[in-house]
Amino acid sequence: MTQIKIKIEAFGAVERQLPENLEMMCSPYSTVAQVLAQVRQDYPAASAMMERCACAIGEDIISRQTQFHADTTLVLLSPVAGG
């Protein structure tokens, strides 16, 4: 089966827990949650941050049930506090 490439860009505190230029290969129709689970397994130090980060594709915040259908850049945004 063909694999798709998910490039992961992280910002804020989660960025410090993950390597630059992180890419994961996954099956088509994998969900955001499945990709994040793999990242947590590979980079356990980032696990706590990954639980609370927001996920986006481009400018759009997406749910963890969103499926990937093609090569995509997944953006991880650290939770922010304040107002």
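Whatever comes next refers back to the structure up there.
Computed from a predicted structure; not experimentally measured. (Residues numbered from 1 in each chain as written. Predicted model: local features only at pLDDT ≥ 70, side-chain atom pairs only at ≥ 80, totals over all residues. Heavy atoms only, no water.)

Caption draft 1: Up close: the pattern of salt bridges. Counted under the stated rule, the structure contains two salt bridges. Among the salt bridges present, the one from lysine 7 reaches glutamate 9, with a minimum N-O distance of 3.6 Å. The exposure class of lysine 7 is partly exposed, given its relative accessible area of 29%. Given a relative accessible area of 29%, glutamate 9 falls into the partly exposed group. A salt bridge links glutamate 51 to arginine 40, with the shortest nitrogen-to-oxygen separation between them at 3.4 Å. Highlighted residues: glutamate 51 in helix H2 (residues 47-52) and arginine 40 in helix H1 (residues 32-42), separated in sequence by 11 residues. (Salt bridge = Lys/Arg side-chain N within 4 Å of Asp/Glu carboxyl O. Buried < 20%, exposed > 50% of the residue type's maximum accessible area, 1.4 Å probe, protein only. Helix = DSSP H or I, 4+ residues; strand = E, 2+ residues; numbered from the N terminus.)

Caption draft 2: Structural detail: the nonpolar core. Grouped together as the largest cluster of nonpolar side chains are 23 residues, with contacts concentrated most on Ile6, Ile8, Leu18, Val35, Met50, Leu74 and Leu76. Sorting the residues of this core by element identifies strand E1 (4-11), strand E2 (22-26), H1, H2 and strand E5 (72-77) as the ones contributing at least two each. If sequence neighbours within four positions are ignored, isoleucine 6 has contacts with Leu22, Glu23, Met24, Cys26, Val35, Phe68, Ala70, Thr72 and Leu74. (Core = buried A, V, L, I, M, F, W, Y, C linked by side-chain atoms within 4.5 Å. Contact = heavy atoms within 4.5 Å.)

Caption draft 3: Main features of the side chain of serine 78. Take serine 78: it is sitting in the segment after E5. Side-chain polar atoms of serine 78 contact the backbone oxygen of phenylalanine 11, separated by 2.9 Å. Not counting residues up to four positions away in its chain, the partners in contact with serine 78 are Phe11, Gly12, Ala13, Val14 and Cys53. (Polar contact = N/O pair within 3.5 Å; in protein donor to acceptor, adjacent residues only side chain to side chain.)

Caption draft 4: Geometry of the sheet that holds E2. On the basis of which strands lie adjacent, the open sheet formed by five strands has the order E2-E1-E5-E3-E4 and mixed pairing. Bordering the open sheet on either side are E2 and strand E4 (60-62), each of which pairs with just one other strand. Adjacent strand axes in the sheet meet at a mean angle of 35°, parallel and antiparallel pairs treated alike. Pairing of E1 with E2, which is carried by five bridges, proceeds in the antiparallel orientation. When the bridges of E2 are listed, lysine 7 appears paired with glutamate 23. Of the strands in this sheet, E1, E2, strand E3 (54-57), E4 and E5 touch H1, which is tilted by about 125° from E2. (Pairing = 2+ DSSP bridges. Axes fitted to C-alpha atoms, helices over the stretch in contact; angles between N-to-C directions.)

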